Amino acid sequence: MDFLVLKDSVSSTPAFVLDEMEITKALEILADFRTQSGCKILYSIKALPFSAVMEIAKPYVDGFSVSSLFEARLADELVRQDSPQVLAGQGSIHLTTPGIRSDELDELSMLCSHISFNSLSQYQRYSETVQTQSSIGLRVNPKLSFLDDDRFDPCRQHSKLGVDIDELCRSVRLDQIQGLHIHNVFSATYFNPLIKTIDKLQQQLGIGLAELEWLNLGGGYLFGQIEDHRPFIELVNKLGNDFGLDVYIEPGKAVVGRAGHLVTTVLDSFVSDGVTIVILDTSVNHNPEVFEYQRQPELHEHDPDGQYTAILAGCTCLAGDVFGQYRFKEPLAVGDRVVFKHVGAYTLIKANRFNGYNLPDIYLSNALRVKKVKHYDYQDYRRQWLVD
Ligand SMILES: *Cc1c(COP(=O)(O)O)cnc(C)c1O
């Protein structure tokens, strides 16, 4: 992506630009894993449930992974779009969530080919009802933590995610379910956690694994940033050979993380306690993880050797609506545009209109053009907040 061209190509800011070539690149890497290992790939749409992304992903993936009824409906619409004769629930749509509701279960089991229950009580309550339509699995908590930060760690103390592996060994007959689901890392750039996790699963469940049809390894790996593919390929091959398992992965961030960029314009600049403050026409509300996790997003214009420093801040009333301090070759002026890079995942889906500031326009870019494909306006805001 040529960010200079990009900045000039959008007709309005804030602009969330999705680079189609970058999405395709990520999908091609995943397709390579798929060819070499025989694993199946689902795009976890919660990272960015945008139809354009799902359209691009469709030829590369075996389906979608979802966490709720709305996501399941959207995935189903996309799966059936080209082939309406396909009955609801016939594409591969995998669901796991702590939040299954009894009043949604019928529809969920129509839409989802695979459901992994999150707890034994969820399983006991609902498995009878869905048994005929969906393939049933359990999310297992392998009790292996690879993260220092509890907020991202599905295996933290008192975890709410998945059936404790010891409990699973004690009280579940694997011939009663079709699959297991594991998801226990966050943005991992090496396969060690996966190898250790499968090791533990094999140690504890042994040949019982052969009773299953499938194993879903979840998301959480940044496949495009992992050089050595062999450990993964060997692992999946082995799971297929030793236990006859269909192995699924369901990446989200690995598909869209690097493909999304936010172009924003400087609205104001002034000095506060000796430091230049630059106010942008975006805010942490367009990228809430900046505030939630106190993470500083990459900025294209940042130059570590630049002489000028400035704190880039959002345009809302919250004092902590701040992206962080960056360095520049030239001071930023009102009207300049800057680009937050690689913010494709977990940004727009978490974005809100706090303070009444609109959501970014969405653009798609490829080698030939940058095209606006979505614009929100006052009517959208109004519809959300006026009593029906
Ligand atoms: C969030 C999540 C994913 C996708 O995770 P990424 O980090 O975006 O790859 C996949 N599966 C489950 C169960 C998840 O919770």
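Residues numbered from 1 in each chain as written. Predicted model: local features only at pLDDT ≥ 70, side-chain atom pairs only at ≥ 80, totals over all residues. Heavy atoms only, no water.

Peer 1: Any chance you could explain the overall build of the protein chain here in plain terms?
Peer 2: On a plain count of helices and strands, the protein chain comes out with 12 helices and 17 strands. Across its three principal axes, the protein chain shows a C-alpha extent of roughly 65 × 50 × 40 Å. Across the protein chain, the fraction of contacts at a sequence separation of at least 24, relative to all contacts at a separation of at least 6, is 69%. Put simply, the protein chain shows about 18,400 Å² of open surface, and 48% of that area lies on carbon and sulfur atoms. The averaged location of the 51 negative side-chain charges in the protein chain is 1 Å from the averaged location of its 36 positive side-chain charges. (Helix = DSSP H or I, 4+ residues; strand = E, 2+ residues; numbered from the N terminus. Contact = heavy atoms within 4.5 Å. Areas by Shrake-Rupley, 256 points an atom, 1.4 Å probe, with all protein chains shown as cover. Lys, Arg positive; Asp, Glu negative; His and termini not counted. Charge placed at Lys NZ, Arg CZ, Asp CG, Glu CD.)

Peer 1: What is the right way to look at the nonpolar core in this model?
Peer 2: Note on soluble globular proteins: their nonpolar side chains tend to be buried together. Ranked by size, the top nonpolar core spans 102 residues in total, and within it Tyr43, Leu138, Leu180, Phe232 and Leu312 carry the most contacts. Residue contributions to this core reach at least three from each of two domains, namely domain 1 (3–17 + 257–385) and domain 2 (38–251). Residues within four places of Leu138 in sequence aside, it is in contact with Ser116, Phe117, Ser119, Leu120, Tyr123, Val163, Leu168, Val172, Ile177, Gly179, Leu180 and His181. (Core = buried A, V, L, I, M, F, W, Y, C linked by side-chain atoms within 4.5 Å. Buried < 20%, exposed > 50% of the residue type's maximum accessible area, 1.4 Å probe, protein only. Domains from an automatic or database assignment.)

Peer 1: Got a minute to help me understand the side chain of Ser283 in this structure?
Peer 2: By secondary structure assignment, the location of Ser283 is in the loop between strand E12 (275–280) and helix H11 (289–292). Residue classification places Ser283 among the buried residues on the basis of a relative accessible area of 2%. Residues in contact with Ser283, not counting those within four places in the same chain, are Gly314, Cys315, Thr316, Asp321 and Phe323.

Peer 1: Can you walk me through the packing of aromatic side chains in this structure?
Peer 2: Note on aromatic pairs: each is described by the distance of the centres and the angle between the planes. Counted under the stated rule, the structure contains 15 aromatic pairs. Look at Phe191 and Tyr221: their rings are 5.7 Å apart centre to centre, the planes differ by 35 degrees, and that puts the pair in the tilted class. With Phe191 in the loop between strand E8 (179–181) and helix H8 (192–205) and Tyr221 in the loop between strand E9 (214–216) and helix H9 (230–243), this residue pair connects regions lying 30 residues apart in the sequence. Note on accessibility: Phe191 and Tyr221 belong to one class, buried. (Phe/Tyr/Trp six-rings, centres within 6.5 Å; stacked < 30°, edge-to-face > 60°.)

Peer 1: I keep staring at helix H6 (residues 120–130) and nothing clicks. Help me out?
Peer 2: One turn of the α-helix equals 3.6 residues, which is why residues spaced by three or four share an orientation. Taken as a whole, H6 has its buried residues at Leu120, Gln122, Tyr123, Tyr126, Ser127 and Val130. Along the axis of H6, the buried residues cluster in a sector spanning 145 degrees; they form a single face. Residues Gln124, Arg125 and Glu128 are exposed on H6 and point more than 90 degrees away from its buried face. The inward-facing, buried residues of H6 abut helix H5 (105–111), strand E5 (114–117), strand E6 (135–141), strand E7 (163–164) and helix H7 (165–171). (Arc of directions from axis to C-beta.)

Peer 1: What is the right way to read the domain arrangement of the protein chain from this model?
Peer 2: A common measure of how large an interface is: the accessible area buried when the components associate. Per the domain assignment, the segments making up the protein chain are domain 1 (3–17 + 257–385) and domain 2 (38–251). Between domain 1 and domain 2, the C-alpha centre-to-centre distance is 33 Å. Every contact between the two is made by 14 residues of domain 1 and, on the other side, 10 residues of domain 2. Approximately 950 Å² of surface area, both sides summed, lies buried where domain 1 meets domain 2, with 71% of it carried by carbon and sulfur atoms. (Buried area = accessible area lost by both parts, 1.4 Å probe.)

Peer 1: Is there a simple way to explain the site of the ligand in this structure?
Peer 2: Around the ligand there are 13 residues in total, and Lys46, Gly220, Glu250, Lys253 and Tyr346 lie nearest to it. Note that a nitrogen atom of the ligand is positioned 2.7 Å from one of the side-chain N or O atoms of Glu250. In the complex, 87% of the free accessible area of the ligand, which totals 390 Å², lies under the protein chains. The residue makeup of the shell around the ligand, split by class, is 2 nonpolar, 7 polar and 4 charged. (Near = heavy atom within 4 Å. Polar contact = N/O pair within 3.5 Å; in protein donor to acceptor, adjacent residues only side chain to side chain. Nonpolar A, V, L, I, M, F, W, Y, C, P; charged D, E, K, R; others polar.)

Peer 1: Is there a simple way to think about H8 in this case?
Peer 2: Helix length check: H8 (14 residues) gives 20 Å between terminal C-alpha atoms against 20 Å at 1.5 Å per residue, within 8%. Along H8, the positions that sit buried rather than exposed are Pro193, Leu194, Thr197, Ile198, Lys200, Leu201 and Leu205. In a view along the axis of H8, the buried residues occupy a sector of 160 degrees, so they form one face of it. Two residues or fewer past H8, Gly206 is found with a positive phi of approximately 55 degrees. (Expected span 1.5 Å × (residues − 1).)

Peer 1: What is the right way to look at the side chain of Thr13 in this model?
Peer 2: Tracing the chain through its elements places Thr13 in the loop between helix H1 (3–9) and strand E1 (15–19). There is a polar contact of 2.6 Å between the side chain of Thr13 and the side chain of Thr265. A polar side-chain atom of Thr13 sits 2.4 Å from a polar atom in the side chain of Asp281. In this structure, Thr13 is in contact with Val263, Thr264, Thr265, Asp281 and Arg337, ignoring residues within four places of it in sequence.

Peer 1: How do you make sense of the packing of H8 against H9 when you look at a structure like this?
Peer 2: Helices that pack against each other are described as a pair by the angle of their axes relative to one another and the distance between those axes. Viewed as axis vectors pointing N to C, H8 and H9 meet at an angle of 20 degrees, and their least axial separation amounts to 10 Å. Classified by the interaxial angle, the pair formed by H8 and H9 is roughly parallel. In terms of crossing hand, the pair formed by H8 and H9 is left-handed. Judged by residue contacts, Leu194, Ile195, Ile198 and Gln202 of H8 engage Pro231, Phe232, Leu235, Leu239 and Phe243 from H9. In terms of residue class, the contact of H8 with H9 is built from 8 nonpolar, 1 polar and no charged. (Axes fitted to C-alpha atoms, helices over the stretch in contact; angles between N-to-C directions. Parallel < 35°, antiparallel > 145°, perpendicular 65-115°, else oblique. Left-handed = near helix turned anticlockwise from the far one by under 90°.)

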